[in-house]
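Notes for the structure review
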Amino acid sequence: MKLLHELATQVLLGSDRRPPVLPEPGGKLGEFLRAACPPDSDKEIRALRYAGSLALGAAAGYQPASTEEMPPALCPREEKAVVDAPQLLSTLQQIVDDGPDPLRREAFSLMASKGYCLAPGLLPKALTLGQKNHALRPAMLAVLGQRGQWLASLNPAWSYAIGAADPGIDLAQWEHGSQEQRKQLLGKLRCSDPDQARSLLQDGFAQLDARERASLLDMMKTGLSLPDEDFLEAQLTDRSKEVRQRAANLLADLPGSRYCARMAERMTACLGQERKLFRTVRTLEAPASFGADWKNDGLEEARPKNESLGDRAWWLYQIARNLPLAWWQDTTGLSQTELIKWVRGTDWSEAILRAWSDALQRTPAVLWVEEFLKQGKSLALPLGTADLLALLPVRERERHWLGMLDHETHAGTRARVLIDVLVAFAERQESPSEAFSHRLLAEIHQLVEQPASAGLYEIARMLPEFVCLVPPACLAAARDGWKVGHPDDYFTRALAGILAIVEQRKILHQFF
């Protein structure tokens, strides 16, 4: 590379101001350079050919530095089938190189379902992708094969992949593995043996840093049950506020927990009845003071800065948010509609409605979501329509979106609905139904054909990812019927990407 460096130094000022003096090495390299760079060529072309020839020669003649370390162990024999069909291999190369991620995820999942692993040439790029993109890891790890695992063991940056694709459980990873490997191990154990996972977590939990303690607590959601209660109760006094809050959220989601019982007792003290005219009405009154033992359950006496609630409303909100929504119905005998009507007639509706929104996000309940959507903006909830729809199962969301499109006539508002739909599917990575996919693609076709369409830029940006998610039966609808020579250059480029994705998905489904 010394000769190439000398040449680069000479041409920095430009060949017109200072014609380069090309090196003339002897031997085979000199013969090669003279053949590749005839002296009668233009000096610029000759310099560029020299540079390219020297770079090629350096790559061909590269020899790794010598070392006294033992060479790595040989790669184990591959147990899975390796993709070798030229067309499929070329398609996978494009997908790994260019994405988008939903297409990569589908390709990896289809390969894994048929027992295939990535070809050797694709492994370095795939491992680097997984290093940067945690969401892509589960699908990618399943197609690494023996060679991918072997490569991961040789590069510290790829260590996250070591043993990750193995469905077995290696307890040694808890002591000697990375933070990511400990989290994966705990997740596997919570699925197969929750008690063993909890026991493993208890040992040395306090010695972990706060970020890892909070991250590992998230794994307790899987298989959460009453035997976990004592461990979670102990974390209510953790030195990290984030850990305390996550432990409280888990206990609030644990039916029959002592934590829920304490919150229910505090809230029951706020409920009452009184006679008005000829009927008995329910009452709600916020706590008059902060209880001496409330801090032990993660409740805070002082309001955060810029908090809109007053002190008493703030205490009431914290108690209510830690109760499951079912408690309110079981305790009062009222439906969702009746509860909302009742609480809106009290002085504490903002605190309670906000608490119910938090509880709903933690544990979605379809009937509550439907009621909040029905009453809409009149409730002044912290959750918008898109937030509420995200809490519904995908087919229920599709039903609501179709209703919006059926009843909305304003072009700008319809475009906003289409954008919200595309964003939602991209965030959740869920596959739309066949009927909904056809309807949405038809709506977008219609929008694109209109001059100066509102929201076209955002739709063009999101549409390629949506096409990665539609059922294979809808690929023809995603490919056909677009206006040729659209005046918007950005949409034209996006359309080229969409057509490429359609062809790549067709090839994937032909082979798998």
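Residues numbered from 1 in each chain as written. Predicted model: local features only at pLDDT ≥ 70, side-chain atom pairs only at ≥ 80, totals over all residues. Heavy atoms only, no water.

1. Topic: the overall build of the protein
Defined as follows: Starting at the N terminus, helices and strands are each numbered in turn, a helix being any DSSP run of H or I of at least four residues and a strand any DSSP run of E of at least two. To sort residues, take the accessible area from a 1.4 Å probe on protein chains only and compare it with the maximum for the residue type: under 20% means buried, over 50% means exposed, and anything in between is partly exposed. When checking whether two residues touch, look at their non-hydrogen atoms; a contact exists if any pair is within 4.5 Å. Note on areas: Shrake-Rupley, 1.4 Å probe, and residue coverage restricted to the protein chains presented here. Note that His is not counted, nor are the chain ends; the positive residues are Lys and Arg, and the negative ones are Asp and Glu. Note on charges: their place is set at NZ of Lys, CZ of Arg, CG of Asp or CD of Glu.
Of regular secondary structure, the protein possesses 27 helices and four strands. By principal-axis analysis of the C-alpha atoms, the protein measures approximately 110 × 65 × 50 Å. Within the protein, buried positions represent 42% of all 512 residues. Residue pairs at least 24 apart in sequence account for 65% of intrachain contacts in the protein once pairs closer than 6 positions are excluded. Of the roughly 27,400 Å² of accessible surface on the protein, 54% is carried by carbon and sulfur atoms. Positive and negative charge centroids in the protein, built from 60 and 66 side chains respectively, lie 2 Å apart.

2. Side note on the packing of aromatic side chains
Just so we agree on the cut-off: Aromatic rings from Phe, Tyr and Trp, taking only the six-membered ring of Trp, are treated as a pair when their centres fall within 6.5 Å; an angle between ring planes under 30 degrees marks them as stacked, one over 60 as edge-to-face, and anything in between as tilted. Put simply, a charge is over a ring when the Lys NZ or the Arg CZ is close to the ring centre, within 6 Å, and near the line of the ring normal, within 35 degrees.
Under the criterion given, the structure shown has 14 aromatic pairs. A ring pair is formed by Trp368 and Phe372, whose centres lie 6.0 Å apart and whose planes are at 65°; its orientation type is edge-to-face. Of this pair, Trp368 and Phe372 both sit in helix α20 (residues 366-375), four residues apart, which is roughly one turn of that helix. Each member of the aromatic cluster is reached from another via a ring pair, and the members are Trp327, Trp328, Trp356, Trp368 and Phe372. One cation-aromatic arrangement involves Arg137 over Tyr160; the distance from NZ or CZ to the ring centre is 3.9 Å. Geometry around Tyr317 places Arg354 over its ring, the cationic atom sitting 4.4 Å from the centre.

3. Examining the nonpolar core
Worth spelling out the cut-off: Throughout, nonpolar core names a set of buried Ala, Val, Leu, Ile, Met, Phe, Trp, Tyr and Cys residues whose side chains join them through atoms within 4.5 Å.
If you look at the biggest cluster of nonpolar residues, it comprises 137 residues, and the most contacted ones within it are Met267, Trp328, Trp356 and Phe372. Sequence-distant contacts of Met267, that is, excluding residues within four places in its chain, are made with Leu284, Leu316, Ile319, Ala320, Leu323, Trp327 and Trp328. If you look at the next biggest cluster of nonpolar residues, it comprises seven residues, including Leu4, Leu7, Leu33 and Cys37.

4. Digging into a nonpolar patch on the surface
Condition: Within the patch definition used here, like charges are joined within 9 Å and nonpolar side chains (Val, Leu, Ile, Met, Phe, Trp, Tyr) within 5 Å, considering only residues with over 30% relative accessible area and no salt bridge. In the sections that follow, a salt bridge refers to a side-chain nitrogen of Lys or Arg positioned within 4 Å of a carboxyl oxygen of Asp or Glu.
Together, Leu29, Phe32 and Leu56 give the surface a local cluster of nonpolar side chains, amounting to about 270 Å² of exposed area. Note that Leu29 resides in helix α2 (residues 27-36).

5. Points about the pairing of strand β4 (residues 279-284)
What counts, and what does not: A pair of strands is treated as paired once DSSP finds two or more bridges between them.
Across six bridges, strand β3 (residues 271-276) lies against β4 in antiparallel orientation. Looking across to β4, one finds that Lys276 is bridged to Arg279. Hairpin connection, β3 to β4: the antiparallel pair is bridged by two residues, and Leu277 has positive phi, about 55°.

6. Overview of the environment of Gln94
The line we're drawing: Here a polar contact is recorded for every N or O atom pair within 3.5 Å, except that within protein the pair must consist of a potential hydrogen donor and a potential acceptor, and residues adjacent in sequence are included only if both atoms are side-chain atoms.
Within the fold, Gln94 resides in helix α4 (residues 86-98). For Gln94, a relative accessible area of 35% puts it in the partly exposed group. Between the alpha carbons of Gln94 and Gln196 there is a distance of 43 Å; along the sequence they are 102 residues apart. The residues contacting Gln94, other than those within four sequence positions of it, are Gly99 and Gln504. Within the local environment of Gln94, its side chain forms a polar contact with the side chain of Gln504, the two groups lying 3.0 Å apart.

7. Some remarks on the pattern of salt bridges
Summed over the entire model, instances satisfying the criterion amount to 34 salt bridges. Here Arg266 and Asp297 are joined by a salt bridge, their closest N and O atoms 2.9 Å apart. Taken together, the positions of Arg266 in helix α15 (residues 258-268) and Asp297 in the loop between β4 and α16 (311-321) put the pair 31 residues apart, joining distant regions of the chain. For the pair Arg266 and Asp297, one class covers both residues: buried. Ionic pairing is found between Arg416 and Glu458, a salt bridge with its closest N-O pair at 3.8 Å. Separated by 42 residues along the polypeptide, Arg416 in helix α23 (residues 411-428) and Glu458 in helix α25 (residues 456-469) bring together distant segments of the chain. Residue class for Arg416 comes out partly exposed when judged on its relative accessible area of 39%. A single salt-bridge network, built from bridges that share partners, covers Glu233, Arg262, Arg266, Asp293 and Asp297.

8. Side note on the side chain of Ser257
Among the secondary structure elements, Ser257 is positioned in the loop between α14 (241-252) and α15. Of the polar contacts made by the side chain of Ser257, one reaches the backbone nitrogen of Cys260; its length is 3.1 Å.

9. Quick word on the environment of Leu284
Examined against the element boundaries, Leu284 turns out to sit in strand β4. Between the C-alpha atoms of Leu284 and Gly345, which are 61 residues apart in sequence, the distance is 9.7 Å. The residues touching Leu284, leaving out its near neighbours within four places in the chain, are Met267, Cys270, Leu271, Leu316, Trp342, Val343, Thr346, Trp348 and Ile352.

10. Description of the packing of α16 against helix α19 (residues 349-362)
In plain terms, the rule: Fitted lines through C-alpha atoms serve as axes, helices being fitted only where they are in contact, and the angles separating the N-to-C directions of these axes extend from 0 to 180 degrees. Convention used here: angles under 35 degrees read as roughly parallel, angles over 145 as roughly antiparallel, angles from 65 to 115 as roughly perpendicular, and any remaining angle as oblique. Helix crossings fall into two classes, left-handed where the near helix is turned counterclockwise from the far one by less than a right angle and right-handed where it is turned clockwise. Three classes are used: nonpolar for Ala, Val, Leu, Ile, Met, Phe, Trp, Tyr, Cys and Pro, charged for Asp, Glu, Lys and Arg, and polar for all others, with Gly counted as polar.
For the pair α16 and α19, the least separation of the axes is 8 Å and the interaxial angle reads 25°. Here α19 runs roughly parallel to α16, going by the angle between their axes. Two packed elements cross with a definite hand, and for α16 against α19 that hand is right-handed. Counted together, Ala313, Trp314, Leu316, Tyr317, Ala320 and Arg321 of α16 and Ala351, Ile352, Arg354, Ala355, Asp358, Ala359 and Arg362 of α19 form the full contact between these two elements. Counted by class, the contact of α16 with α19 contains nine nonpolar, no polar and four charged residues.

11. So, the side chain of Ser240
Positionally, Ser240 belongs in the loop between α13 (229-234) and α14. Among the polar contacts listed, one links the side chain of Ser240 to the backbone nitrogen of Glu242, at a separation of 3.3 Å. The residues contacting Ser240, other than those within four sequence positions of it, are Ala210 and Arg213.

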